[in-house]
Amino acid sequence: MKKALIVTAFARFVKSFLTNDIRILQNQGYEVHCAANIYHPGAECMEDYFTEMGITFHQIDFSSNKPISWKTILAYREISDLLKKNQFDVIHCHTPIAGAITRYACKKYRKRGTKIIYTTHGFYFHKYSSKKTWIIFFTIEKWLSKYTDAIITINHEDYDNAKRMKCANVYYIPGVGVDTKRFKDVNIDRSLYRQKIDTKEGDLLILAIGELSKRKNHQVIIKAIAETKIKNVVFMICGNAMTSSNTKKDLENIAKEYNVDLRLMGLREDIPQICKCADIGVMPSTREGLGLSGIEMLASGLPVIASNVHGIVDYISDGVNGYLCNPFDVHAFAKAIQKLSFEEKRIMMKDYCVKAAEPFDKQYSYKRMQNIYSCILE
């Protein structure tokens, strides 16, 4: 039986973003293995997930934020041992550090016929990066592209940059896809559900969805809310800290300092319902390959205030279905929140929000990945 290896830094990433890839490979006759680090918050469910999906899991001590460390050396040794013990027909890498380590370790296996695919969920460099960041990370990605049979990008800026590298096959897909119908058609009693999540009907509920991390830049929203001086604002974040145990405490301290009502909800299974309860969505990330949560909020009819970076600009149109801001400009975010504090403005944007999410529906991503796998692996 043909064997495929999925590689990513953190195991939870597989369940969140790669289930469709796995199903496509299995339907094409592959025995699927996964190499990742399972020791992180939110991964408690992953052993059961791998069992249910029929995946063979291999623990690799990847780091997601320390490219130069002893963990990198350890991860390289572990992935090298895994490759020696198994003959994989295709290896599909995800996330920058794990992808770089694995592609370098796969050089000789690629010469023997193993196909190497890399999906970048957002290059570390983009048009707002410093010159130093651009030179370092573009150079690394360009060098590794020589050892890659296909690069898959999820935003148009990355696609253009990948075309400048040495890989002959570069593809664009609209992310891993969102079940837009699940968000668009959810039917709840908004008042009752707000009570369930301890929010009053008169509150202005601002929602962020995603991990608690420095890159997600949630503190800029806390400061912006304080600047608006709007009463009864609740800032709700659905997501866990993935890498730093101090992130949650840091946000709580900033909220206390600025007297902002912050609700950290952790991982939730009722995101569509919470989206329907919210008034404004926010995505202030400093870097974002695409940002599925932004698309989920749009599909719910929520206007989104977001950073004008990377993949976000593929679906947020300034003044049409939300507002785009410099990720470090507190005043710009405050001004946008002020505009969307008026219900009439939000209602005007609702249909544009829903329409903007449609091209990112999961059906399009699934079909695109089927075609890419068939093309590369035939």
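Here is a short report on the structure shown in this document. (Residues numbered from 1 in each chain as written. Predicted model: local features only at pLDDT ≥ 70, side-chain atom pairs only at ≥ 80, totals over all residues. Heavy atoms only, no water.)

This structure, assessed with the given rule, holds 14 salt bridges. The shortest N-O distance in the salt bridge between R215 and E211 comes to 3.9 Å. Note on R215: relative accessible area 23%, which makes it partly exposed. For E211, a relative accessible area of 27% corresponds to the partly exposed category. (Salt bridge = Lys/Arg side-chain N within 4 Å of Asp/Glu carboxyl O. Buried < 20%, exposed > 50% of the residue type's maximum accessible area, 1.4 Å probe, protein only.)

Buried residues of helix α3 (residues 46-53): M46, Y49, F50 and M53, and no others. Within α3, the buried residues cover an arc of 95° as seen down the axis, which keeps them to one side. Away from the buried face of α3 by more than 90 degrees, exposed residues E47, D48, T51 and E52 are located. Residues of α3 that are buried sit in contact with α1 (12-17), α2 (19-27), β2 (30-37) and β3 (56-59). In the stretch just after α3, G54 is the one whose phi turns positive, near 70°. (Helix = DSSP H or I, 4+ residues; strand = E, 2+ residues; numbered from the N terminus. Arc of directions from axis to C-beta. Contact = heavy atoms within 4.5 Å.)

What follows deals with the sheet that holds strand β7 (residues 170-172). With parallel pairing, the 7 strands of this open sheet are ordered in space as β3-β2-β1-β4-β5-β6-β7. The sheet terminates laterally at β3 and β7, the two strands that pair on one side only. Neighbour-to-neighbour, the strand axes of this sheet turn through a mean angle of 20°, independent of strand direction. Two strands pair when backbone bridges link them, and β2 and β3 are joined in this way by 4 bridges, in the parallel orientation. Across the sheet, H33 pairs through a bridge with T56, a residue of β3. Helix α17 (residues 362-377) rests against β1 (2-10), β2, β4 (90-94), β5 (115-120), β6 (150-153) and β7 of the sheet, and its axis sits at about 165° to β7. (Pairing = 2+ DSSP bridges. Axes fitted to C-alpha atoms, helices over the stretch in contact; angles between N-to-C directions.)

All right, on to the pairing of strand β8 (residues 204-209) then. With respect to burial, β8 is a largely interior element, 6 of its 6 residues being buried. Here β8 shows a buried face lined by L204, I206 and A208 and a second buried face lined by L205, L207 and I209. Pairing geometry for β8 and strand β9 (residues 233-238), over 6 bridges, is parallel. Note that in β9 the partner of I209 across the bridge is C238. Crossover handedness for the path β8 to helix α11 (residues 219-228) to β9: right-handed. With 2 bridges joining them, β8 and strand β11 (residues 280-283) adopt parallel strand pairing. For L207, the partnering residue across the bridge sits in β11 and is G281. (Right-handed = clockwise from strand over helix to strand, strands pointing away.)

Moving on: the nonpolar core. Buried together is how nonpolar side chains tend to be arranged in soluble globular proteins. Formed by 96 residues in total, the largest nonpolar core has its most connected members in F50, I206, L207, F235, I305 and Y315. In this view, F50 contacts A11, V14, C34, I38, I55 and F57; residues no more than four positions away in its chain are not counted. The next biggest cluster of nonpolar side chains, apart from the first, holds 29 residues, and it includes A9, I97, I116 and I151. (Core = buried A, V, L, I, M, F, W, Y, C linked by side-chain atoms within 4.5 Å.)

With a phi close to 70°, T95 is a non-glycine residue in the positive phi region. Secondary-structure assignment places T95 in the loop between β4 and α5 (96-105). Positive phi values are uncommon outside glycine, yet D198 reaches one of about 60°. Relative to the elements of secondary structure, D198 occurs in the loop between α10 (190-196) and β8.

This brings us to the environment of T139. By the element assignment, T139 lies in helix α7 (residues 131-144). Overall, the relative accessible area of 46% leaves T139 in the partly exposed class. Between the C-alpha atom of T139 and that of I38, which follows or precedes it by 101 residues, the distance is 30 Å.

What follows concerns the packing of helix α4 (residues 70-85) against α5. Here α4 crosses α5 at 50°, and the two axes come no closer than 9 Å. Our classification of the angle between α4 and α5 gives oblique. Where α4 crosses over α5, the handedness of that crossing is right-handed. On α5, the residues touching T72, A75, Y76, I79, S80 and L83 of α4 are I101, T102, Y104 and A105. Residues that form the contact of α4 with α5 fall into these classes: 7 nonpolar, 3 polar and no charged. (Parallel < 35°, antiparallel > 145°, perpendicular 65-115°, else oblique. Left-handed = near helix turned anticlockwise from the far one by under 90°. Nonpolar A, V, L, I, M, F, W, Y, C, P; charged D, E, K, R; others polar.)

None of the figures reported here should be taken as evidence of function without further support.
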